Amino acid sequence: ARADRPFLMSLIISDLDGVCADFEGGMVDALGPPDNPRTRREYSLRSRWPGSGKEIQRLSCDPQFYAGLTPIPYAAAAVRRLRHLGHHLIAMTARPWGAGNPVGTPMDVATGQWLTRHAFPFHECALVDFREKPRRIAALSPDWVIDDAPHHLEAMKNLRLNVVAFDQTWNRACLVSRLWTWHE
C-alpha cells in the first residue's frame, strides 16, 4: 500500500463515530443521559444504559441514526487542512452487527451523505466489520490511525501501528498518543 502513495504523502486513517461524529451525543439525545455519569468511563453502551439493549441495537443498525449525528467541533476543518497539506485520508468506521456494509447499502449511502453534508473531504470511506477493523487497517500500512475505541486502540498498538486516541473518557487508560480536540 505504501508504494501506491506519492513520496512523503502520509496515509491517515480516521474513525468516524466518536472521532468525527458525536455518537455519544446522539445516544444521549435518543436514550437520555446515562443512569450513572461514572459509567461514561466505559466504552460499552449497554453498561452505560442498562436495560436499553434492544434500543441500542436498533439505533446501531439504523442508517438514519448515523445520518442525524452532529459533527465533533472542528473535525471537518481539521480533515480539510490535512487534505490540503497533501495527506491521503481514509475514514474507516466499524459497525457492531456483522459483515460490514458493502458499497451501496443504506448504511454506506447514509455515511457518504453525512460526510458530504458536513464537508469532510476524505479520499475514501470504508465501513467494516467491528471485529475486523484493526486487521483491515493494518493491511493498509497507514502512517497514523485516529480512533476512540479502547479495544481498537490497544489492538492496533499491538500491531505496531502509530495510533492516536481521540480523547474520550472511555479511552483514557490507553497509553497511546492523544488528540484532545480537533482544534489542536
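Scroll up to find the structure this text is about.
Residues numbered from 1 in each chain as written. Predicted model: local features only at pLDDT ≥ 70, side-chain atom pairs only at ≥ 80, totals over all residues. Heavy atoms only, no water.

Caption draft 1: Representation of the overall build of the protein chain in the model. The helix and strand tally for the protein chain stands at eight helices and six strands. Along the protein chain, helices (α) and strands (β) appear in the sequence β-α-α-α-α-α-β-α-β-α-β-α-β-β when read from the amino end. A total of 184 residues make up the protein chain; the buried ones form 49% of that total. Look at the contacts in the protein chain between residues 6 or more apart in sequence, and 66% of them connect residues 24 or more apart. (Helix = DSSP H or I, 4+ residues; strand = E, 2+ residues; numbered from the N terminus. Buried < 20%, exposed > 50% of the residue type's maximum accessible area, 1.4 Å probe, protein only. Contact = heavy atoms within 4.5 Å.)

Caption draft 2: Spotlight on the side chain of Thr-111. Inspection of the secondary structure assignment puts Thr-111 in helix 6 (residues 106–117). Dropping the residues within four chain positions of it, Thr-111 is found in contact with Leu-16, Arg-95, Cys-125 and Leu-127.

Caption draft 3: Up close: the pattern of salt bridges. Taken as a whole and assessed by the stated rule, the structure comprises nine salt bridges. Arg-172 serves as the salt-bridge partner of Asp-167, at 2.7 Å between the closest nitrogen and oxygen. Since its relative accessible area comes to 47%, Arg-172 is described here as partly exposed. Through salt bridges with shared partners, a single ionic network connects Asp-15, Lys-133 and Asp-147. (Salt bridge = Lys/Arg side-chain N within 4 Å of Asp/Glu carboxyl O.)

Caption draft 4: The arrangement of the packing of helix 1 (residues 23–31) against helix 3 (residues 53–60) in detail. At a minimum axis separation of 11 Å, helix 1 and helix 3 run at an interaxial angle of 130 degrees. By the angle between their axes, helix 1 is oblique relative to helix 3. Crossing of helix 1 over helix 3 shows right-handed handedness. Together, Met-27, Ala-30 and Leu-31 of helix 1 and Glu-55, Ile-56, Leu-59 and Ser-60 of helix 3 make up the contact between the two elements. Looking at the contact of helix 1 with helix 3 residue by residue, the classes come out as five nonpolar, one polar and one charged. (Axes fitted to C-alpha atoms, helices over the stretch in contact; angles between N-to-C directions. Parallel < 35°, antiparallel > 145°, perpendicular 65-115°, else oblique. Left-handed = near helix turned anticlockwise from the far one by under 90°. Nonpolar A, V, L, I, M, F, W, Y, C, P; charged D, E, K, R; others polar.)

Caption draft 5: Structural view of the nonpolar core. In terms of nonpolar packing, the biggest core is built from 32 residues, with Cys-20, Met-27, Phe-120, Phe-122 and Trp-182 touching the most fellow members. Listed by contribution, the elements that provide at least two residues to this core are helix 1, helix 3, helix 4 (63–67), helix 5 (75–84), strand 2 (88–95), helix 6 and strand 5 (163–166). Listed in part, the 16 residues of the second largest apolar core include Ala-94, Val-128, Ile-137 and Cys-174. (Core = buried A, V, L, I, M, F, W, Y, C linked by side-chain atoms within 4.5 Å.)

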